[in-house]
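Close look at the chain arrangement
Spelled out from the first residue to the last, the chains are:
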Amino acid sequence: MLKHDTMGSPKIPAALIAGEADVTPFVLAAMARTDNPRLMQIVTSLMSHLHQFVRDTRPTEAEFEFGLRWLAALGQHTNESNNEVVLAADVLGISTLVDLINNDGTHGETMSALLGPFYRGESPVCASGDCIARSDTSGAALYFSGRVTETDGQPIAGATVDVWQASPVGLYENQDAEQADFNLRGKFATDEAGTFSFRSVRPAGYPVPTGGPVGALLRAQQRSPMRPAHVHFIVSAPGHKTLITQVFFDNAEALVGDAVFGAKRQLAGTLTEHREPHPDYPGAPLPFFTSSYDFRLVAGTPCFPIPPITGKATKGSGR
Ligand code: BEZ
Ligand code: FE
């Protein structure tokens, strides 16, 4: 509240905003009593950079309103089966930057890759070798196997391998009312030798959801919404840092063009096509594919992501 002088007119404090140059110091001063040092550091840096961004780009008021509406639309398009906020962080490269800051892969562990917006958690627990296609799912069969080891190659028994992927039509089950609940999702445990295996369908590349504000941005930037074909993994074991990653099965052009910058050289998987029956895969429909990938975990504390979505789209809700 302004004090009044003896004549009754308000006393104007000298330190009041009088022009553009005063705003940033005034805002930073208003936050000076923040007693959480990390919050102080983050918000001070954020404000300084955001204010500088505004000074650099000098938005018109119409542009400012447009930007605010775009941000609000991220929230409006976020629901139990779609997380537009995570998607925005992904297509802007921020998720991969944060991932690489926290997981640089320099301790002999498998490289990580971004979680993406379609991790549901609570996937069904499966027996070794089970098929994760829970409803009629088109596409060639994929038999995937691997090992979970320490960084020195020692097997880790009892590790959990949580896997999820899109169907060959390019939709995760949460986006597609035609697919069974938890289709192409499952959790496997490693045996004494650290091995695990499951059956699935060969994944295909797919577009990230383009029906919301993120899609509008991609179109305005003339960017492809496509992700290369991949399978997601969260590999965890007591006493080890949890690994969130993806294994890719696509050509170089698709890997380089990944709309969310998630593809990494170290995560390129291999697919072997089988056109003849194989004794290790009796009854496999021809042709089928096999793939193998070993995951190395580094010692540390397990830590699990909060699922960005919790449920499944209902019929007709689209994406
Ligand atoms: C995904 O791989 O599931 C994904 C990642 C980022 C954005 C959209 C989808
Ligand atoms: Fe994905």
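Summarised in this report is the structure supplied together with it. Source: prediction; values computed, not measured. (Residues numbered from 1 in each chain as written. Chains lettered and ligands numbered in written order. Predicted model: local features only at pLDDT ≥ 70, side-chain atom pairs only at ≥ 80, totals over all residues. Heavy atoms only, no water.)

1. Looking at helix 2 (residues 37-57)
For clarity, the threshold we go by: Put simply, DSSP marks the helices as runs of H or I at least four residues long and the strands as runs of E at least two long, and each gets a number from the N terminus on. One less than the residue count of a helix, multiplied by 1.5 Å, gives the span that helix is expected to have. In protein, a polar contact requires one atom able to donate a hydrogen and another able to accept it; more generally it is a pair of N or O atoms within 3.5 Å, and residues adjacent in sequence count only if both atoms are side-chain atoms.
The end-to-end C-alpha distance of helix 2, which contains 21 residues, comes to 30 Å, matching closely the 30 Å that a straight helix rising 1.5 Å per residue would cover. Two or three places before R38, at the start of helix 2, stands the capping residue N36, its side-chain oxygen 3.0 Å from that residue's backbone nitrogen. Following helix 2 by one or two positions, R58 adopts a phi angle in the positive range, close to 40°.

2. Points about the coordination of the iron ion (ligand 2)
Our working rule: Distances decide who is a donor: an N, O or S atom must be within 2.8 Å of the metal, or within 3.2 Å for Na, K and Ca. Water is not included, so sites may look incomplete. A four-donor site is called tetrahedral if each angle lies between 85 and 135 degrees; a four-donor site is square planar, and a six-donor site octahedral, when trans pairs exceed 155 degrees and the remaining angles lie between 65 and 115; all other cases are labelled irregular.
Within the protein, Y172 (OH), Y206 (OH), H230 (NE2) and H232 (NE2) serve as the donor atoms for the iron ion (ligand 2), at 1.8 to 2.1 Å. For the iron ion (ligand 2), the 6 donor atoms in the first shell make angles of 56 to 166° at the metal, so the coordination geometry reads as irregular. Written as a sequence motif, the donor residues of the iron ion (ligand 2) are Y-x33-Y-x23-H-x1-H. In this pair, Y172 sits in the loop between strand 2 (160-164) and strand 3 (185-189) while H230 sits in strand 7 (residues 230-236), placing the two residues 58 residues apart along the sequence.

3. Description of the packing of helix 4 (residues 84-91) against helix 6 (residues 213-220)
Filter applied, for reference: Lines fitted to C-alpha atoms define the axes, with helix axes restricted to the stretch in contact, and inter-axis angles between N-to-C directions lie between 0 and 180 degrees. Put simply, angles under 35 degrees are roughly parallel, angles over 145 are roughly antiparallel, angles from 65 to 115 are roughly perpendicular, and the rest are oblique. Any two residues whose heavy atoms approach within 4.5 Å at even a single point are treated as in contact. In the scheme used here, Gly and all other residues not listed as nonpolar or charged are polar, with Ala, Val, Leu, Ile, Met, Phe, Trp, Tyr, Cys and Pro taken as nonpolar and Asp, Glu, Lys and Arg as charged.
Relative to each other, helix 4 and helix 6 sit at 25°, their axes nearing to 9 Å. One way to sum up the angle between helix 4 and helix 6 is to call them roughly parallel. When helix 4 is examined against helix 6, the residues E84, L87, A88 and V91 are found in contact with a partner set consisting of P213, V214, G215 and L218. Tallied by class, residues from the contact of helix 4 with helix 6 come to 6 nonpolar, 1 polar and 1 charged.

4. Some thoughts on the environment of S197
Mapped onto the fold, S197 is located in strand 4 (residues 195-201). A C-alpha to C-alpha distance of 8.9 Å links S197 and A127, two positions 70 residues apart in sequence.

5. Details of the environment of F304
Along the chain, F304 turns up in the segment after strand 11 (295-297). C-alpha of F304 to C-alpha of I234: the two residues are 70 residues apart in sequence and 8.6 Å apart in space.

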